[in-house]
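# Observations on the model geometry
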Amino acid sequence: MGHRKRILFLPLGLVALHLNYWMWDDARIVLGLPANLLYHVILSLFLSAVMFVLVHRAWPRYLDED
Amino acid sequence: MNPVLGVVLLYLAVVLGIGVAAKRVLRGTAEDYFLASRSLGATVLLLSIFGTHMTAFTILGASGEAHRGGISVFALMASSSALVVPLVFYFVGTRLWWLGKRLGFITQVQFFRERYQSEVVGLALFVVLVSLLVPYVLIGVKGSGDVLWALTGGPAGGVPPWVGSFLMCGVIFIYVIQGGMRSTAWANAFQTLVFMSVAAITLLVIVREYGGLETAMRTLDASRPDLLTIEKTPRQLGRMVSYLLIPLSAGVFPHLFANWLSAKSGKTFRPTIVLYPICLVLVWVPSVVLGALGNIDFPPPIEGPILVLLILRHSGGLLAGLLAAGVFAVIMGSLDNQAFAAGTLFTQDIVRHYGFHDGLSERGQVLTGRLFLAAFLAVALFVSLATSRTIFDLGVWSLSGFAALFPIAVASLYWRRSTGAGVVASIATVAVLWIIFFLDSLGSRGEYTVGETGLLPVAFLFAGAVVSLVAVSLLTSPPPDRVLDRFFPAR
């Protein structure tokens, strides 16, 4: 399977991380934030890192052509 | 003068100055007025797109939802957007920009009409897009007046709501007609910085009043521990899945489309795609945390936005003025683009296409765009004065409708076999299902889910849109090669 085709599976993996059902009832407070909220904040920062890799490693070349 | 009103007037003067300054580089062509000559750089593009996408709901609505339902609102609405929206920009936004630049499109309707060689597709899309935009615009106009009224004293001598709404529409009108898309983008960039700063300052000031974040959360945990967790039920899982579909609306918003097409190059999209999740965290975390913490001082039921109550209790004065400016910033940042997008659609797809057979002069296009913007804002202002607060409930319905149009956007870019008949069938299915669910929801209390499953109407609208698009496309003749060659050139 090609590099570009594999990218299409990326959203599925990210959705699995988003639906963190296993810790919805976690009532701990960590770093001043509820554990669930902190998880989603960290997930958002991770998503930013994923997007960084995406635009640098799998950027469609035709977009930069004149 | 009331200090809140003073800060708001000062803020509006700055925005006006930025918007009018953009006129200095106006070239007078239609492409320059409607798309800033496709010249926006990376920083302005990021701030303008983010400011356009965030609405009054981001500050007032999200904190209100967190006050009622707790921190789960961040996962439902912000984290889902952090996941979906950058991918929409990557897969849809960049490709539409590329095709728009190569083939000279200004609006979505032009793109779809040419892609499917169908006037019916263009007209159906125009009607649906404008219909879904109207409630959105009314929410912004009404919200600005309501917030200024509440922060300046409310029933005890607050500025009448129509004054706030009128001020905002007037300022938007003046700066948008000056420099078109460039004024809108520059003003939005400034407005985004303002509401991001206001969100952070408000969080710091109020949390300090509670003795710090840790102490505040422990206090809340003692009285309302349910607000710090997410209910572990199938219904909640259904909601979580449904809310993942709502941000797909970003792929169809006419006001975001205009921003995409204004980009200078493909590379200018990169910072927007990478930094979007971080921008969401910066704005949504303060809003959600403050909304939830509001239960300490103001247990439900409450009168008015929780953020306004918190500020009036814990600081008032200057911070109340800053919040008012922040709310104006977040509303104006989207409202100016929505009104401008509606004007662009009307000018390009109705007046120019049908009135002048695509032959209207450059000057005529700009003049028509300005006249329509004036008329659109005037009508929005008057209608907003006559509507009740129930208009705010239409927000999620508007988003659901846009999200359900996402399959046709993807098909137009990536599925060669999709046909105009398939697109029309998909739009018609969405319209019919939308009306059915909306009518069914009128008698329900609280959040409406289909058959009490936890699944929002958007899940069924989306499924219906996909099935009808695929089925009808496969049953009708494929598009001719000469058309496909334009939209899927060999690379």
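See the structure printed just above.
Residues numbered from 1 in each chain as written. Chains lettered and ligands numbered in written order. Predicted model: local features only at pLDDT ≥ 70, side-chain atom pairs only at ≥ 80, totals over all residues. Heavy atoms only, no water.

## Some points on the interface of chain B and chain A
Counting from both sides, the interface comprises 44 residues of chain B and, opposite them, 40 residues of chain A. Carbon and sulfur atoms supply 75% of the area buried between chain B and chain A, which totals about 3,900 Å² over both sides. When residues of chain B are sorted by the area they lose upon contact with chain A, Y90, K232 and R270 of chain B head the list and together hold 18% of the total. There are one salt bridge connecting chain B and chain A. Linking D25 of chain A and K232 of chain B is a salt bridge whose minimum nitrogen-to-oxygen distance equals 3.7 Å. Taken together, the links from chain B to chain A amount to ten residue pairs in polar contact (both at pLDDT 80 or more). Contributing elements (two or more residues each) for the side of chain B that touches chain A: α5 (72–103), α9 (213–223), α10 (234–245) and α12 (269–297) of chain B. Broken down by element, the side of chain B that touches chain A gets its largest block of residues, 14 residues, from α5 of chain B. Its residues placed into classes, the side of chain B that touches chain A shows 28 nonpolar, seven polar and nine charged. (Contact = heavy atoms within 4.5 Å. Buried area = accessible area lost by both parts, 1.4 Å probe. Salt bridge = Lys/Arg side-chain N within 4 Å of Asp/Glu carboxyl O. Polar contact = N/O pair within 3.5 Å; in protein donor to acceptor, adjacent residues only side chain to side chain. Helix = DSSP H or I, 4+ residues; strand = E, 2+ residues; numbered from the N terminus. Nonpolar A, V, L, I, M, F, W, Y, C, P; charged D, E, K, R; others polar.)

## Points about empty space enclosed by the protein
Residues and elements named next belong to chain B. On inspection of all chains with the given rule, the structure shows four cavities of 30 Å³ or more. Looking at the largest cavity, its volume works out to about 80 Å³. Among the secondary structure elements, those contributing two or more residues to the lining of the largest cavity are α2 (30–35), α11 (254–261) and α14 (317–355). Of the residues contributing to the lining of the largest cavity, the split by class is eight nonpolar, three polar and no charged. Its volume calculated, the second largest cavity comes out at about 70 Å³. Contributing to the lining of the second largest cavity are I59, A199, T202, V283, P286, S287, L290, L307 and L323. The dominant element in the lining of the second largest cavity, judged by the number of residues it contributes, is α12, at four residues. (1 Å grid on protein atoms, 1.4 Å probe; cavity = no way out; pocket = protein on both sides within 12 Å on 5 of 7 lines; lining within 4 Å. Points joined across faces, edges and corners; volume = space filled by probe spheres on them.)

## Re unusual backbone geometry
Note that the residue after P300 of chain B, namely P301 of chain B, is joined by a cis bond; omega there is 0 degrees. Structurally, P301 of chain B is set in the loop between α12 and α13 (306–314). Positive phi outside glycine occurs at L31 of chain A, with the angle close to 55 degrees. Relative to the assigned elements, L31 of chain A resides in the loop between β1 (29–30) and β2 (33–34).

## Thoughts on the packing of aromatic side chains
Residues and elements named next belong to chain B. In this structure the tally under the stated criterion is 28 aromatic pairs over all chains. Ring geometry for Y11 against F190: centres 6.0 Å apart, planes inclined by 20 degrees, an arrangement best described as stacked. Residue Y11 is found in helix α1 (residues 3–21), and its partner F190 is found in helix α8 (residues 161–209); the two are separated by 179 residues along the sequence. The interplanar angle of 85 degrees and the centroid separation of 5.1 Å between the aromatic rings of Y33 and F34 together place this pair among those described as edge-to-face. As far as the burial class goes, Y33 and F34 line up, both buried. Taken together, the ring pairs in this structure connect F50, F89, F195, W260 and Y276 into an aromatic cluster. Positioned above the aromatic ring of W98, the side-chain terminus of R102 is 5.0 Å from the ring centre. When the ring centre of Y116 is taken as origin, the NZ or CZ atom of R115, which lies over that ring, is 4.5 Å away. (Phe/Tyr/Trp six-rings, centres within 6.5 Å; stacked < 30°, edge-to-face > 60°. Buried < 20%, exposed > 50% of the residue type's maximum accessible area, 1.4 Å probe, protein only. Lys NZ or Arg CZ within 6 Å of the ring centre and 35° of its normal.)

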